[in-house]
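Single-letter residue listing:
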Amino acid sequence: MTKSAVRTAMKKVTAAIAARDKDGALAQFKVFEKMIDTAEGKGVFHSNMAARKKSRLLGQISKIQ
């Protein structure tokens, strides 16, 4: 259930990135970041994987102008 919620949050961030909505993407990223950090703490995801996902999404958000 936790994995599914994290994946859904990630899809919302990528949808906002695709729509070139930087503010919306940042707002959704904050939700995603909290969810993936919680899942990481529970041992659902490896810490390096969580960090990699956050880094890549933030990089994509920063490219939006």
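Residues numbered from 1 in each chain as written. Predicted model: local features only at pLDDT ≥ 70, side-chain atom pairs only at ≥ 80, totals over all residues. Heavy atoms only, no water.

Asks: Quick one: what's the story with the environment of Asn48, residue by residue and with numbers?
Replies: Inspection of the secondary structure assignment puts Asn48 in helix H3 (residues 47-62). Taking relative accessible area as the criterion, Asn48 reaches 53% and is therefore assigned exposed. Put simply, Asn48 and Ile64 are 16 residues apart on the chain and 25 Å apart in space, counted from C-alpha to C-alpha. (Helix = DSSP H or I, 4+ residues; strand = E, 2+ residues; numbered from the N terminus. Buried < 20%, exposed > 50% of the residue type's maximum accessible area, 1.4 Å probe, protein only.)

Asks: So, the pattern of salt bridges: which residues are in play, and what are the values?
Replies: In total, this model carries one salt bridge according to the counting rule given. For Asp37, the salt bridge is made with Lys54, and the minimal N-O distance between the two is 2.7 Å. Taken together, the positions of Asp37 in helix H2 (residues 22-42) and Lys54 in helix H3 put the pair 17 residues apart, joining distant regions of the chain. Judged by its relative accessible area of 32%, Asp37 falls in the partly exposed class. Residue classification places Lys54 among the buried residues on the basis of a relative accessible area of 17%. (Salt bridge = Lys/Arg side-chain N within 4 Å of Asp/Glu carboxyl O.)

Asks: Describe the nonpolar core, with residues and values.
Replies: Side chains that are nonpolar tend, in soluble globular proteins, to be buried together. Residues Ile17 and Phe32 are the most contacted members of the largest nonpolar core, which totals 16 residues. Ignoring any residue separated from it by four or fewer positions in sequence, one finds Phe32 in contact with Val6, Ala9, Met10, Val13, Lys53, Lys54 and Leu57. (Core = buried A, V, L, I, M, F, W, Y, C linked by side-chain atoms within 4.5 Å. Contact = heavy atoms within 4.5 Å.)

Asks: Any chance you could break down helix H1 (residues 2-18) for me, citing the residues and the numbers?
Replies: End to end, H1 covers 24 Å across 17 residues, agreeing with the expected 24 Å (1.5 Å per residue, within 8%). Considering only its buried residues, H1 is in contact with H2 and H3. Immediately beyond the C-terminal end of H1, within one or two residues, lies Arg20, with a positive phi of roughly 60°. (Expected span 1.5 Å × (residues − 1).)

Asks: Give me the packing of H1 against H2: which residues, what numbers.
Replies: At a minimum axis separation of 9 Å, H1 and H2 run at an interaxial angle of 160°. By the criterion of interaxial angle, the relationship of H1 to H2 is roughly antiparallel. Between H1 and H2 lies a crossing whose hand is left-handed. In this structure, H1 contributes Thr2, Ala5, Val6, Ala9, Met10, Lys12, Val13, Ala16 and Ile17 to the contact, and H2 contributes Gly24, Ala25, Gln28, Phe29, Phe32, Met35, Ile36, Ala39 and Lys42. Taken together, the residues of the contact of H1 with H2 break down into 13 nonpolar, three polar and two charged. (Axes fitted to C-alpha atoms, helices over the stretch in contact; angles between N-to-C directions. Parallel < 35°, antiparallel > 145°, perpendicular 65-115°, else oblique. Left-handed = near helix turned anticlockwise from the far one by under 90°. Nonpolar A, V, L, I, M, F, W, Y, C, P; charged D, E, K, R; others polar.)

Treat this as a map of the structure, not an account of what it does.
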